[in-house]
Amino acid sequence: EVAAFRQAIWSRYAPNKVVAGGEPVVPLLADRLLIDGRPAAYVCHNFACELPVTEPAALLEQLGGG
């Protein structure tokens, strides 16, 4: 499931994007957990985050290309 998120993320050109992933022990990810046991993506702009998504299509929509 994570591979589909990676593909979605890197399919859009965004020169200022920052991508972080990994175990929630990383402080940036401390409150960004799995949702119903599935990987989740959090799109944030200007210190505020959209609702998390668990589908790559929803991620692309949040990124402005869906």
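First, a word on scope: everything that follows refers to the structure included in this document. (Residues numbered from 1 in each chain as written. Predicted model: local features only at pLDDT ≥ 70, side-chain atom pairs only at ≥ 80, totals over all residues. Heavy atoms only, no water.)

For the rest of this paragraph, the subject is the nonpolar core. Among the nonpolar cores identified, the biggest contains 8 residues, and these are Phe5, Ala8, Ile9, Ala41, Val43, Val53, Leu59 and Leu60. The set of elements that each furnish at least two residues to this core consists of helix H1 (2-10) and helix H2 (56-62). In terms of residue count, the dominant contributor to this core is H1 (3 residues). Not counting the four nearest positions on each side in its chain, Ala41 is found in contact with Phe5, Leu51, Pro52, Val53 and Leu59. (Core = buried A, V, L, I, M, F, W, Y, C linked by side-chain atoms within 4.5 Å. Buried < 20%, exposed > 50% of the residue type's maximum accessible area, 1.4 Å probe, protein only. Helix = DSSP H or I, 4+ residues; strand = E, 2+ residues; numbered from the N terminus. Contact = heavy atoms within 4.5 Å.)

Another aspect to go through is the state of the cysteines. All told, the structure shown has 1 disulfide when counted by the stated rule. The side chain of Cys44 participates in a disulfide bridge whose partner is Cys49; the two sulfur atoms lie 1.9 Å from each other. Across the disulfide from Cys44 to Cys49, rotation about the S-S bond amounts to roughly 90 degrees, and the bridge is consequently right-handed. A relative accessible area of 40% means that Cys44 is categorised as partly exposed. (Disulfide = S-S within 2.5 Å.)

What follows concerns unusual backbone geometry. We note that Asp36 has phi near 50 degrees; this positive angle belongs to a residue other than glycine. Among the structural elements, Asp36 can be located in the loop between H1 and strand S1 (44-45).

Further remarks concern H1. One turn of the α-helix equals 3.6 residues, which is why residues spaced by three or four share an orientation. By the burial criterion, the buried members of H1 are Phe5, Ala8 and Ile9. One side of H1 carries all its buried residues, which in axial view fall inside an arc of 100 degrees. Summarising the geometry of H1, the exposed residues directed more than 90 degrees from the buried face are Ala3, Arg6, Gln7 and Trp10. For H1, the secondary structure elements touched by its buried residues are H2. (Arc of directions from axis to C-beta.)

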